[in-house]
Amino acid sequence: MDSYEPDSWLTEAEFDQPPQVDLRTDRAHSARVYDYLLGGKTNFPADREVADRLLADLPGARDGAAAARAVMHRMVRRLAGEHGVRQFLDVGTGIPTAPNLHEIVQAVDPSCRVVYVDNDPIVLAHSRALLTSTPEGRTAYVEGDLRDPEKFLADPGVAATLDLGEPVALTLINIVHFLSDEAAHPPVRRLLDALPAGSFLALTAGTADNAPDQVAVGSRRYAEAGIEVHVRSRAGVERFFAGLELDDPGVVLIHEWHPELGEPSTVAADEVSVYGGLARKP
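Turning our attention to the overall build of the protein chain. Helices and strands together make up the secondary structure of the protein chain, namely ten helices and ten strands. Considered along the principal axes of its C-alpha atoms, the protein chain spans approximately 45 × 45 × 35 Å. Expressed as a percentage of the 282 residues in the protein chain, the buried residues total 52%. For the protein chain, restricting intrachain contacts to residue pairs at least 6 apart in sequence, the fraction spanning at least 24 positions comes to 78%. Working note: accessible area of the protein chain is about 12100 Å², and carbon and sulfur atoms make up 50% of it. Averaged over its 26 positive side-chain charges, the protein chain has a centre that lies 2 Å from the centre of its 44 negative ones.

What follows is about helix H9 (residues 212-224). Across its 13 residues, H9 extends 18 Å between first and last C-alpha, which sits within 8% of the 18 Å expected from 1.5 Å per residue. If you check which residues of H9 are buried, you get Val215, Val217, Gly218 and Tyr222. The arc that holds every buried residue of H9, seen down its axis, measures 160 degrees, which confines them to one face.

With the rule as written, the count across this model stands at twelve salt bridges. Between Asp109 and Arg86 there is a salt bridge, with its nearest N and O atoms 2.7 Å apart. Residue Asp109 is found in the loop between helix H4 (101-108) and strand E4 (113-118), and its partner Arg86 is found in the loop between helix H3 (61-81) and strand E2 (87-91); the two are separated by 23 residues along the sequence. Residue Arg86 is classed as partly exposed on the basis of its relative accessible area, which comes to 28%. The closest approach of N and O atoms between Glu150 and Arg190, which form a salt bridge, is 2.6 Å. Here Glu150, found in helix H6 (residues 149-153), pairs with Arg190, found in helix H8 (residues 181-194); they are 40 residues apart in sequence, far enough to count as distant. For Glu150, a relative accessible area of 42% corresponds to the partly exposed category.

This model, assessed by the stated rule, comprises one aromatic pair. Consider the rings of Phe178 and Tyr222, whose centres lie 6.2 Å apart with planes at 70 degrees: the pair is edge-to-face. Of this pair, Phe178 sits in the loop between strand E6 (169-172) and H8 while Tyr222 sits in helix H9, and the two are 44 residues apart along the sequence. A cation sits over an aromatic face here: Arg62 above Tyr36, 5.3 Å from the ring centre.

Moving on, we come to the nonpolar core. Val76, Leu79, Phe88, Leu101, Val105 and Ile254 are the most contacted members of the largest nonpolar core, which has 34 residues in total. For this core, the secondary structure elements donating two or more residues are H3, H4, E4, helix H5 (121-125), strand E7 (200-206) and strand E10 (274-280). Sort the elements by how many residues they give to this core and H3 lands first, with eight residues. Excluding residues that lie within four positions of it along the chain, Phe88 makes contacts with Val76, Leu79, Ala80, Leu101, Val105, Cys112, Arg113, Val114, Val115, Leu162, Val168 and Ala169. One finds Leu172, Ile175, Leu195 and Leu203 within the second-largest nonpolar core, a separate group that totals 33 residues.

Turning to the pairing of E4, a few remarks are in order. Burial of E4 is extensive: five of the six residues sit out of reach of the surface. Here five bridges tie E2 to E4, and the two strands are oriented parallel to one another. The residue of E4 that forms the bridge with Asp90 is Tyr116.

Here Gly218 lies in helix H9. Linking Gly218 and Arg53, residues 165 residues apart in sequence, is a C-alpha distance of 8.9 Å. Residues within four places of Gly218 in sequence aside, it is in contact with Leu54 and Leu58.

Moving on, we come to the packing of helix H1 (residues 30-37) against helix H2 (residues 45-57). In a packed pair of helices, the relevant descriptors are the angle between the two axes and the axis-to-axis distance. Running from N to C, H1 and H2 point in directions that differ by 60 degrees, and their axes come no closer than 9 Å. Viewed along their axes, H1 and H2 adopt a mutual orientation that is oblique. For the pair H1 and H2, the crossing hand works out as right-handed. Of the residues in H2, those touching H1 at Arg32, Val33, Tyr36 and Leu37 are Asp47, Arg48, Val50, Ala51, Asp52, Leu54 and Leu55. Here the contact of H1 with H2 is composed, by residue class, of seven nonpolar, no polar and four charged.

Rules of the game
- Residues numbered from 1 in each chain as written.
- Predicted model: local features only at pLDDT ≥ 70, side-chain atom pairs only at ≥ 80, totals over all residues.
- Heavy atoms only, no water.
- Helix = DSSP H or I, 4+ residues; strand = E, 2+ residues; numbered from the N terminus.
- Buried < 20%, exposed > 50% of the residue type's maximum accessible area, 1.4 Å probe, protein only.
- Contact = heavy atoms within 4.5 Å.
- Areas by Shrake-Rupley, 256 points an atom, 1.4 Å probe, with all protein chains shown as cover.
- Lys, Arg positive; Asp, Glu negative; His and termini not counted.
- Charge placed at Lys NZ, Arg CZ, Asp CG, Glu CD.
- Expected span 1.5 Å × (residues − 1).
- Arc of directions from axis to C-beta.
- Salt bridge = Lys/Arg side-chain N within 4 Å of Asp/Glu carboxyl O.
- Phe/Tyr/Trp six-rings, centres within 6.5 Å; stacked < 30°, edge-to-face > 60°.
- Lys NZ or Arg CZ within 6 Å of the ring centre and 35° of its normal.
- Core = buried A, V, L, I, M, F, W, Y, C linked by side-chain atoms within 4.5 Å.
- Pairing = 2+ DSSP bridges.
- Axes fitted to C-alpha atoms, helices over the stretch in contact; angles between N-to-C directions.
- Parallel < 35°, antiparallel > 145°, perpendicular 65-115°, else oblique.
- Left-handed = near helix turned anticlockwise from the far one by under 90°.
- Nonpolar A, V, L, I, M, F, W, Y, C, P; charged D, E, K, R; others polar.

Written as structure tokens, this is what we have:
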């Protein structure tokens, strides 16, 4: 499994300074809970309380979080290496962790270009970690919300970084399970419609298929903190790829998705309640 290196250049103490925006650190946020599970430092008491309750019920939650991060590395490595994609649009970026997406793909080809999109002000505070491109490539950070794709697609940072006339890999990693079908499917389709033929969708989404009891506990812990979780069956996840050409091996649990592209993983199947898939727009 790919190793995780938590960011360390912005500490909790620095967030004690008066913020220019309301970071709402008094309430748990899914990205910061995830950061804590990965061993990161950009989290606060409300986030750690949720994560600690999760870990008390589900000791394998840390391994599951690491597996979710590692599959993103493998997906974009395959996109750049096997499919020759050189442009990436990462929506729902989350708190930066090393290596970031652009570091993975620019290791394959330094000319790769990446636009990161997120609506969390804490990600904006960390965005300088997302802008360390190779001289040959380019990265940009754009504030935006998956539910309003037209707004961030119109941002000058997108046009300055990506050529939407050429194939783009749209990556939606660990984001759609925080949205209902009604909220998630229309914007995902509008994003795909905005991209040319030859583009790709890389997506992961939570499921209860393989471990319903554990997922029910985890969903309840998130709900207690005011965070909605919408898990889906395999068929429900496959709906996001309707009209696209699924890459081998299709939609599978993430630890089963091209494990040879990363470091060996020992994560147990019932600790990985997430499906993943990669597909090409014809």
